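# Chain and residue survey
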Amino acid sequence: APDSAPEGRGEGPSLAGATLLVVDDDTEVGEVLQAFLEGLGAEVALCDAPELAAEAVAEDPEAWTALVTDDVMPGMSGGDLVEQVRAHAPDLPIFLVTALARRLTDPRVGPDRITGLFAKPVDLSELARALAALPARVPHEPHEPQESSG
């Protein structure tokens, strides 16, 4: 099908217009992801603490296109974060990055709870394709009370 992006840049799909939340307690890993995704046109907010990410989603659940999070972090696991995020943004696409993909048994990050699972080290082009394939999340307009005329 001729609907693929023009080749030549070789970086991967365009993520222009996407707003991504990347969570990893290893800031070097986070920064690599951030630089890569920004290179594809996405806006990326990097959190090194899952608590901050949960807060960011709670404050504005509609603002995010997707969440990309590490699984094993001090204080809060990927499962904990998924649970908290889902409470505020039940339809937010969540991608979990884990070094233990095969041994992942936490039901909170089962296939019905998360959008995708990536083993570490992350295949960046695979992640980019998964993000680019997401349907656009249309922000719900805030419900302003209609002023009745007359």
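The structure displayed is predicted, hence computed values, not measured ones.

The subject of this paragraph is the confidence of the model for the protein. Model confidence for the protein is summarised by a mean pLDDT of 86, while 82% of its residues fall at 70 or above. Within the model, the stretch residues 1-9 combines pLDDT values under 50 with one contact to residues more than four positions away or in other chains.

Before going further, it helps to examine the environment of Ala-42. Looking at the secondary structure, you find Ala-42 in the loop between helix H1 (27-39) and strand S2 (43-47). Sequence-wise, Ala-42 and Leu-20 are 22 residues apart; in three dimensions their C-alpha atoms are separated by 6.9 Å. Each residue touching Ala-42, except ones within four places of it in the same chain, is listed here: Leu-15, Ala-18, Leu-20 and Leu-37.

Within the structure shown, the criterion is met by five salt bridges. Asp-70 is paired through a salt bridge with Lys-120; the nearest N and O atoms lie 3.2 Å apart. Separated by 50 residues along the polypeptide, Asp-70 in strand S3 (residues 66-70) and Lys-120 in the loop between strand S5 (116-119) and helix H4 (124-132) bring together distant segments of the chain. Overall, Asp-70 belongs to the buried group, its relative accessible area being 6%. Measuring nitrogen to oxygen at the nearest pair gives 3.0 Å for the salt bridge that ties Asp-106 to Arg-108.

With an omega dihedral of -5°, the bond running from Lys-120 to Pro-121 counts as a cis peptide bond. Residue placement: Pro-121 occurs in the loop between S5 and H4.

Right, let's get into the packing of helix H2 (residues 50-59) against helix H3 (residues 78-88). The N-to-C vectors of H2 and H3 enclose an angle of 10°; their axes lie 9 Å apart at closest approach. By the angle between their axes, H2 is roughly parallel relative to H3. Taking contact as the criterion, the partners of Pro-50, Ala-53, Ala-54, Val-57 and Ala-58 in H2 are, on H3, Leu-81, Gln-84, Val-85 and His-88.

Turning our attention to the pairing of S3. The buried fraction of S3 amounts to five of the five residues, a majority that puts the element mostly inside the structure. What you see with S3 is no split at all: Ala-66, Val-68 and Asp-70 on one side and Leu-67 and Thr-69 on the other are buried throughout. Relative to S3, strand S1 (residues 19-23) runs parallel, the two being bridged by four bridges. Directly across from Val-22, in S3, lies its bridge partner Val-68. This β-α-β element, S3 to H3 to strand S4 (residues 94-98), shows right-handed connectivity.

Thresholds applied
Residues numbered from 1 in each chain as written. Predicted model: local features only at pLDDT ≥ 70, side-chain atom pairs only at ≥ 80, totals over all residues. Heavy atoms only, no water. pLDDT = per-residue confidence, 0-100. Contact = heavy atoms within 4.5 Å. Helix = DSSP H or I, 4+ residues; strand = E, 2+ residues; numbered from the N terminus. Salt bridge = Lys/Arg side-chain N within 4 Å of Asp/Glu carboxyl O. Buried < 20%, exposed > 50% of the residue type's maximum accessible area, 1.4 Å probe, protein only. Axes fitted to C-alpha atoms, helices over the stretch in contact; angles between N-to-C directions. Parallel < 35°, antiparallel > 145°, perpendicular 65-115°, else oblique. Pairing = 2+ DSSP bridges. Right-handed = clockwise from strand over helix to strand, strands pointing away.

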